[in-house]
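Structure assessment
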Amino acid sequence: MITRRTFFKLLAGTAAGILTLGGYAGAVEPLLRLEATPYKLTPPHWPKGQKLRIVALADFHACEPWMPAERIASICDYANTLGGDVIVLLGDYMSGMKLVTGVVPPAEWAKAISRLKAPYGVHAIFGNHDWWQDPEAQKLRLKETVAHKALRAEGITVHSNTAVKLGTDEHPFWIAGLEDQWAYLTGRHTQRGLDDLPGTMAQITDDAPVILLAHEPDIFPKVPERVSLTLSGHTHGGQVNLFGWTPVVPSRFGSRYVYGHKVEDGRNLIVSGGLGCSIAPVRFGSPPEILVIDLG
């Protein structure tokens, strides 16, 4: 039989544990942790011996106090030390959280991101929150957002259903970037995308390997075998990962593409856990990360 004293000790211990867990999930993991997650692979249609290091950053969600411009700059400075031949940005620079103390203007977070440097440049796509947090783009159904303009103004290559050939004459490759699949809000829990996968692929004019950037991984079942590797963000690794269980994943496929390296029918996808927070400023079991991907 549990005594009254023992019961209150257990209750106090449980309460302390909950507070400690909440403090970790609300402060330590989202604010103080940052990992460089390595991947090494030679996917189909990637020439043997052709080496390329990709550094990928996703889901900054700039806001005060969780992701101020100073922290973005610090993350980008660290990314520059990782030796990327090319750096890719996978969307969602805008916050989308109500639990904030201040907004970081696009010009400020874009200036911080402009610190990124790589031999083959910095290439950006855009996410649903970049569209949803731009009232004018939503109301007028514009074809780009303030986020597009902010990054372009800082000299970063902006992709919206476009492809560009990079590399050397001996080892060329393509970066193809889709526009967001959830761009326009059309009603309660419904969206309309601006992505054009066939039109983007039509711009690829030779047999050099292709890296596809797509903010939401939901497009992956439609990606042709021609693409060597698809890179996505959006899911934050579930943002809360309870020992493999991710209760909330913003995908119509549930946890199928929640995080990490996925291979289906010989096609390869890597989903980043991202850097910031969405909806609530909490991360647990899914620390902020930068991807470091070595191909070949």
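Higher on the page you've got the structure.
Figured I'd write up the structure that's included with this text. Since the model is a prediction, treat every value here as computed from it, not as a measurement. (Residues numbered from 1 in each chain as written. Predicted model: local features only at pLDDT ≥ 70, side-chain atom pairs only at ≥ 80, totals over all residues. Heavy atoms only, no water.)

1. Details of the pattern of salt bridges
Opposite charge on two side chains permits them to pair, given that their charged atoms come into close proximity. Inspection of every chain in the model, using the stated rule, returns 7 salt bridges. Measuring nitrogen to oxygen at the nearest pair gives 2.8 Å for the salt bridge that ties Asp 294 to Arg 53. In this pair, Asp 294 is assigned in strand E14 (residues 289-295) and Arg 53 in strand E2 (residues 52-57), connecting sequence segments 241 residues apart. A residue is classified by how much of its surface remains accessible, and Arg 53, at 27% relative accessible area, is partly exposed. Between Glu 264 and Arg 256 there is a salt bridge; the shortest N-O distance is 3.0 Å. By relative accessible area, which is 38% here, Arg 256 ends up partly exposed. One network of salt bridges, with partners in common, ties together Arg 256, Glu 264 and Arg 267. (Salt bridge = Lys/Arg side-chain N within 4 Å of Asp/Glu carboxyl O. Helix = DSSP H or I, 4+ residues; strand = E, 2+ residues; numbered from the N terminus. Buried < 20%, exposed > 50% of the residue type's maximum accessible area, 1.4 Å probe, protein only.)

2. Details of a nonpolar patch on the surface
A cluster of nonpolar side chains, contributed by Leu 242, Phe 243 and Trp 245, occupies part of the molecular surface with about 410 Å² of accessible area. Residue position: Trp 245 is located in the loop between strand E11 (227-232) and strand E12 (260-264). Since its relative accessible area comes to 54%, Trp 245 is described here as exposed. (Patch = residues over 30% accessible without salt bridge, like charges linked within 9 Å, V, L, I, M, F, W, Y side chains within 5 Å. Areas by Shrake-Rupley, 256 points an atom, 1.4 Å probe, with all protein chains shown as cover.)

3. So, the packing of aromatic side chains
Two descriptors summarise a pair of aromatic rings, namely the distance from one centre to the other and the angle between the planes of the rings. Per the stated rule, a full pass over the model turns up 8 aromatic pairs. Arranged with centres 5.8 Å apart and planes meeting at 85°, the rings of Phe 220 and Tyr 257 form a pair that is edge-to-face. Taken together, the positions of Phe 220 in the loop between strand E10 (210-213) and E11 and Tyr 257 in the loop between E11 and E12 put the pair 37 residues apart, joining distant regions of the chain. Exposure remark for Phe 220: the relative accessible area of 0% places this residue in the buried category. Among the residues examined, Tyr 257 registers a relative accessible area of 0% and is labelled buried. Seen from the ring of Phe 220, Arg 267 lies directly overhead, with NZ or CZ sitting 4.5 Å from the centre. (Phe/Tyr/Trp six-rings, centres within 6.5 Å; stacked < 30°, edge-to-face > 60°. Lys NZ or Arg CZ within 6 Å of the ring centre and 35° of its normal.)

Keep in mind these values describe shape, not function.
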